[in-house]
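Take a look at the letters that make up each chain.
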Amino acid sequence: MTEAVMLQPPDRSVSRLAFAVRLVDDFAPEREPPAGVTVTLTGGGTQGVRNPGGWHLFMDLPAGTYRVSARSELYLAEDKEIDTALLDPGLPVVELLLKPSAAYPFPPGTTLVRCVVRNEADLGVPDARVEAVPWMPAPSVKGRVRQGGAQAGQPAIRLEHLSGELAAGDMLLVREGDPSRQEIVRIAAPLPSNASQPFNLAAPLRFGHAAGTPVHLLAAAAPSTTSTAGTGEFVVYQRNASARLFVIRLSTSAAGYRPDERDLEIVEGTTQSVGVISLQQL
């Protein structure tokens, strides 16, 4: 007689998803989540498991508050605090926005500003905050170059058909048909007593402009922010510029230093290397 044998099913352990981190590339958010980024829990050092969809999964964690860190040579270090009680239990996904570092492989033709921030000892200043405000020409014409035109080298410009007033510090794009002859001018004090008189400029005209050439007032668009790496390097990128020629107002600040602000004239599709911004200690 054959003896019956009872077969026990194998032990099965079921893992539970505590939360998932979805990485988003700030330069190209429409792309698949970037690879080559390590996502870990700070303190414990637990590393997320990257699934085929690019999400970093953290399993079997008790409810609570966690801090995750993302590290990669191509992106600035990012940290985010996660409270599991605030997540959707059916889809506990958290997005983490990654800002490219100076080592990021930007495609050719990207509008970039590159720089390094140093202190008085010529050492890189890490974690300095950098704000970039693009000043773009308004679509509507602000006025036109007055009859008689404007000559290269002149410290002032005559305008007509002005829409509204101008103030000292206002920036204007002189929009020539030939893009290579376009230029940005800044109105300087003192202002004329009436708009038929010349407006002083902060710097002489670089080009001559015929009567009737339109001028457009520059206005601030939405700012972007980044920070310096440990070496003090940073990169600012401008997507979807509405004009070939515009200005980026660059503000750099760090704890214990005097802030630096400067205006950079930008040509779309080019890289401008500022060199070194030297911050002075307070």
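Values in this document were obtained by computation on a predicted structure and should not be read as measured data.

Reading guide: rules and limits
Residues numbered from 1 in each chain as written. Predicted model: local features only at pLDDT ≥ 70, side-chain atom pairs only at ≥ 80, totals over all residues. Heavy atoms only, no water. Helix = DSSP H or I, 4+ residues; strand = E, 2+ residues; numbered from the N terminus. Rg over C-alpha atoms; globule rule 2.2 N^0.38 Å. Buried < 20%, exposed > 50% of the residue type's maximum accessible area, 1.4 Å probe, protein only. Areas by Shrake-Rupley, 256 points an atom, 1.4 Å probe, with all protein chains shown as cover. Lys, Arg positive; Asp, Glu negative; His and termini not counted. Charge placed at Lys NZ, Arg CZ, Asp CG, Glu CD. Phe/Tyr/Trp six-rings, centres within 6.5 Å; stacked < 30°, edge-to-face > 60°. Contact = heavy atoms within 4.5 Å. Pairing = 2+ DSSP bridges. Axes fitted to C-alpha atoms, helices over the stretch in contact; angles between N-to-C directions. Core = buried A, V, L, I, M, F, W, Y, C linked by side-chain atoms within 4.5 Å. Domains from an automatic or database assignment. Polar contact = N/O pair within 3.5 Å; in protein donor to acceptor, adjacent residues only side chain to side chain.

Undergrad: An account of the overall build of the protein chain is needed here, citing residue identities and associated values.
TA: Tallying secondary structure elements over the protein chain gives zero helices and 21 strands in all. Here the protein chain has a C-alpha radius of gyration of 27 Å; the compact-globule value for 282 residues is 19 Å, and the former is much larger. Projected onto the principal axes, the alpha-carbon positions of the protein chain cover approximately 120 × 45 × 35 Å. Within the protein chain, the proportion of its 282 residues that are buried is 40%. On the protein chain, roughly 15,500 Å² of surface is accessible, and the fraction owed to carbon and sulfur atoms is 51%. Charge centroids of the protein chain, computed over 25 positive and 30 negative side chains, lie 7 Å from each other.

Undergrad: Could you give an account of the packing of aromatic side chains, naming the residues involved and the relevant values?
TA: This structure, assessed with the given rule, holds eight aromatic pairs. Judged by centre distance (5.6 Å) and plane angle (90 degrees), the ring pair of Phe27 and Tyr237 falls under edge-to-face. Residue Phe27 is located in the loop between β1 (17-25) and β2 (38-41), and its partner Tyr237 is located in strand β18 (residues 233-238); the two are separated by 210 residues in the primary sequence. Exposure remark for Phe27: the relative accessible area of 11% places this residue in the buried category. An angle of 40 degrees between the planes, with centres 5.5 Å apart, marks the rings of Phe106 and Tyr237 as tilted. Linking Phe106 in the loop between β7 (93-98) and β8 (111-118) with Tyr237 in strand β18, this pair joins segments that are 131 residues apart in sequence. The class for Phe106 is buried, based on a relative accessible area of 12%. The structure contains a cluster of three or more aromatic residues connected by ring pairs, namely Phe27, Tyr75, Tyr104, Phe106 and Tyr237.

Undergrad: Give me the lowdown on the environment of Val174, citing residues and values where you can.
TA: Within the secondary structure, Val174 is located in strand β13 (residues 171-174). The sequence separation of Val174 and Ile82 amounts to 92 residues, and the corresponding C-alpha distance is 50 Å. Setting aside its immediate chain neighbours within four residues, Val174 contacts Gln182, Glu183, Val185, His209, Thr213, Pro214 and Val215.

Undergrad: Kindly report on unusual backbone geometry, identifying the contributing residues and their values.
TA: Between Ala189 and the following residue, Pro190, the backbone shows a cis peptide bond with an omega angle of -5 degrees. The topology assignment puts Pro190 in the loop between β14 (183-186) and β15 (199-200). The backbone of His161 sits at a positive phi, close to 55 degrees, despite the residue not being glycine. Along the chain, His161 falls in the loop between β12 (159-160) and β13.

Undergrad: Can you break down the sheet that holds strand β5 (residues 65-72) residue by residue, with the values?
TA: Ordered in space as β2-β5-β6, the three strands form an open sheet in which the pairing is antiparallel. With one partner strand each, in any of the chains shown, β2 and β6 (75-83) form the two edges of the open sheet. Within the sheet, the average angular offset between the axes of one strand and its neighbour, ignoring direction, is 20 degrees. For β5 and β6, the ladder comprises seven bridges, and the chain directions are antiparallel. Within the sheet, the bridge partner assigned to Tyr66 lies in β6 and is Ile82.

Undergrad: With reference to specific residues and values, describe the nonpolar core.
TA: The biggest cluster of nonpolar side chains holds 25 residues, and the ones touching the most others in it are Phe19, Val21, Leu23, Val39, Phe58 and Val68. Secondary-structure elements contributing two or more residues to this core are β1, β2, β5, β6, β7 and β18. At four residues, the largest contribution of residues to this core is made by β1. Both domain 1 (17-98) and domain 2 (111-136 + 221-281) contribute no fewer than three residues apiece to this core.

Undergrad: Break down the pairing of strand β4 (residues 55-59) for me, with residues and values.
TA: Bridge count between β1 and β4: five bridges; the pairing is antiparallel. Counterpart to Phe19 in the pairing with β4 is Phe58. Between strand β3 (residues 49-50) and β4, which follow one another and run antiparallel, lie four residues, and Gly54 among them has a positive phi close to 90 degrees.

Undergrad: Tell me about the domain arrangement of the protein chain, and please be specific about residues and values.
TA: Domain assignment breaks the protein chain into domain 1 (17-98) and domain 2 (111-136 + 221-281). Computed over C-alpha atoms only, the centres of domain 1 and domain 2 are separated by 28 Å.

Undergrad: Please give an account of the sheet that holds strand β21 (residues 271-278) that cites residues and values.
TA: Note: strands within a sheet are paired through backbone hydrogen bonds, in either parallel or antiparallel orientation. Pairing is mixed across the open sheet formed by three strands, whose spatial order is β18-β8-β21. Both outer strands of the open sheet, β18 and β21, are each paired with one neighbouring strand and no more. In this sheet, neighbouring strand axes are inclined to one another by 20 degrees on average, regardless of whether the strands run parallel or antiparallel.

Undergrad: So what's going on with the side chain of Arg249? Which residues, and what values?
TA: You can see Arg249 is positioned in strand β19 (residues 245-253). A polar atom in the side chain of Arg249 sits 2.7 Å from the side chain of Asp263. Excluding anything up to four places from it in sequence, Arg249 contacts Glu131, Ala132, Val133, Trp135, Met171, Arg186, Glu261, Arg262 and Asp263.

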